[in-house]
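Each chain, letter by letter, is given below.
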Amino acid sequence: MVTWQAVGDGLEVEVTFDAEDEEAWRDFQTKGFGISALNTLPVSVETIGKESNVSVAIGSDTLETKRRRHLSLPETYYAAIDGVLPADDSLRELWERFKSSSTTFVRNFIAYHHFRRLGWAPKSGLNYGAHYVLYRGSATDFHSEYIVYVQDEEEDSSWNTIQSLTRIAADVKKTVLLCTVTAATRASEESGSVDTDLTFGVYNFHDVQYTVEAIAIRFWDPSIADGAQSYTFQQQPVIPKKPKTAKKKNRAKRPKRQLEGETLTGSGKST
């Protein structure tokens, strides 16, 4: 049975999978929900050498294998909507619960939902000082292509923030998406017919309409500087990761052993 609970300061959720939940575990991995959690329980001798995300609870007669994944609050709510994560509370109650736990939950979830709906796999952007990085597929097969920084309508981005994000993005050849999430007082019935793309989307959640608007900031490419499309937004090419190859060990050459009775080189003497 798949179960979950809030951990730490309530800004993260730990999902636990029993041994019979192999299909659910694979589903979470395929869809890119969360990261594998490290062992927190003692591990028996029989489990040494197995996956680091497998922990063993010692019972009276048997060893029960459990796997765990850690999800952010936006990931958790999206997984609940997607139907892969069971929830005792209704979606509205879960929404209010997460709102009370984090003041940034709503805007971060709306941005997460926006990119998920477009087929991207958002992961934590902590390494780049941002909220998300976007993968076209599995993070094990592709490099991330976008760095996403999320802000609300009342927040103005300083030049220091923009300079920091674009400087990092230029070094790793990624595009910055500076996203603003605005909320209307009442949801519009016409929002479903609005065209959605990477830099714009309109969504309704719990009687409120949210609009996502993003500005794409990309490193300058001198190869297209003289072209007519040099200042328009262009999709980046897919950048697959190179398969890892086993490194050859450098073995130092061993000196040849002199056998007993062998003539020493240059000595003119024999033993």
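How each quantity is defined
Along every chain, residues carry numbers that run from 1 in the direction the sequence is written. Reporting of local features is limited, given that this is a predicted model, to residues whose pLDDT is at least 70; pairs of side-chain atoms are given and counted only at 80 or more, and all residues count toward the totals for whole chains, interfaces and linings. Excluding hydrogens and water, the side-chain figures rest on all heavy atoms present in the structure. Here a helix means four or more residues in a row that DSSP labels H or I, a strand means two or more in a row labelled E, and each is numbered from the N terminus. When a residue's accessible area, from a 1.4 Å probe over protein chains only, is under 20% of the maximum for its type it is buried; when over 50% it is exposed; and in between it is partly exposed. The contact definition used throughout considers only heavy atoms, calling two residues in contact when any of these lie within 4.5 Å. The method behind every accessible area is Shrake-Rupley, applied with a 1.4 Å probe, and residues are considered shielded solely by the protein chains displayed. The nonpolar core is taken to be a set of buried Ala, Val, Leu, Ile, Met, Phe, Trp, Tyr and Cys residues, with the residues joined through side-chain atoms within 4.5 Å. DSSP calls a pair of strands paired once it identifies at least 2 bridges connecting them. Between the N-to-C directions of two axes lies an angle of 0 to 180 degrees, each axis being a line fitted to C-alpha atoms and, for a helix, fitted only over the stretch in contact. A score from 0 to 100, pLDDT tells how confident the predictor is in each residue. In these notes the angle categories are as follows: under 35 degrees is roughly parallel, over 145 is roughly antiparallel, 65 to 115 is roughly perpendicular, and the rest is oblique. Helix crossings get a hand from a simple test, with the near helix turned counterclockwise from the far one by less than a right angle marking a left-handed crossing and a clockwise turn marking a right-handed one. Residues are grouped as follows: Ala, Val, Leu, Ile, Met, Phe, Trp, Tyr, Cys and Pro are nonpolar; Asp, Glu, Lys and Arg are charged; all remaining types, including Gly, are polar.

K.L.:
What's the story with the overall build of the protein in this structure? I'm lost.
P.N.:
Check the secondary structure of the protein and you find five helices and eleven strands. When each of the 271 residues of the protein is scored for burial, the buried share is 35%. Considering only intrachain contacts with a sequence separation of at least 6, the fraction spanning at least 24 residues in the protein is 56%. Total accessible area computed for the protein in this model is approximately 17,800 Å², and 50% of it derives from carbon and sulfur atoms.

K.L.:
Help me out: how do you make sense of the nonpolar core in this one?
P.N.:
For soluble globular proteins, nonpolar side chains are generally found buried alongside one another. Formed by 41 residues in total, the largest nonpolar core has its most connected members in W95, I110 and F115. It is helix α4 (residues 105-117) that contributes the most residues to this core, seven residues altogether. With residues up to four places along the chain from it excluded, the contact list for F115 reads W120, P122, L134, V148, L177, C179 and L198. Counting residues in hydrophobic clusters, the runner-up holds eleven residues, among them Y135, I147, Y149 and A169.

K.L.:
I'm lost on the sheet that holds strand β8 (residues 146-152) in this one. Help?
P.N.:
Two pairing modes exist for strands in a sheet, parallel and antiparallel, and in both the strands are linked by backbone hydrogen bonds. Taken in spatial order, the six strands of this open sheet run β6-β7-β8-β9-β11-β10, and their pairing is mixed. Looking at which strands have only one partner, the edges of the open sheet turn out to be β6 (121-124) and β10 (200-205). Between one strand axis and the next, the sheet turns through 30° on average, direction left out of account. In the packing of α4 onto the sheet, the strands contacted are β6, β7 (132-135), β8, β9 (175-183), β10 and β11 (208-217), and the crossing angle to β10 comes to about 120°. Across the sheet, helix α5 (residues 159-172) lies against β8, β9 and β11, angled at about 140° from β9, the strand it touches most.

K.L.:
What am I meant to see in unusual backbone geometry here?
P.N.:
The bulk of non-glycine residues show a negative phi, and the bulk of peptide bonds are trans. Unlike most non-glycine residues, K173 shows phi in positive territory, near 55°. Mapped onto the secondary structure, K173 falls in the loop between α5 and β9. Judged by relative accessible area, K173 falls into the exposed class, the value being 56%. Positive phi, close to 70°, is recorded for D207, a residue that is not glycine. Note that D207 resides in the loop between β10 and β11. Among the residues examined, D207 registers a relative accessible area of 58% and is labelled exposed.

K.L.:
Got a minute to help me understand the confidence of the model for the protein in this structure?
P.N.:
Caution applies to low-pLDDT regions: their predicted coordinates should not be interpreted in detail. Of the residues in the protein, 68% reach a pLDDT of 70 or more, and the chain-wide mean stands at 78. Per-element averaging of pLDDT across the protein places strand β4 (residues 54-58) at the bottom with 48 and α4 at the top with 96. Here residues 54-63 scores under 50 on pLDDT; set against residues more than four positions off or in separate chains, the count is 21 contacts.

K.L.:
So what exactly am I meant to see when it comes to the packing of helix α2 (residues 73-82) against α4 here?
P.N.:
Two measures define how a pair of helices packs: the angle their axes make with one another and the distance between the axes. Following both chains from N to C, one finds α2 and α4 inclined at 55°, their axes separated by 9 Å at the closest point. It follows that α2 is oblique to α4 by the angle criterion. The two elements α2 and α4 cross, and the hand of that crossing is right-handed. The residues of α4 that touch α2, namely those facing L73, P74, E75, Y77, Y78 and I81, are F105, N108, F109, Y112, H113, R116 and R117. In the contact of α2 with α4, the residues fall into eight nonpolar, two polar and three charged.

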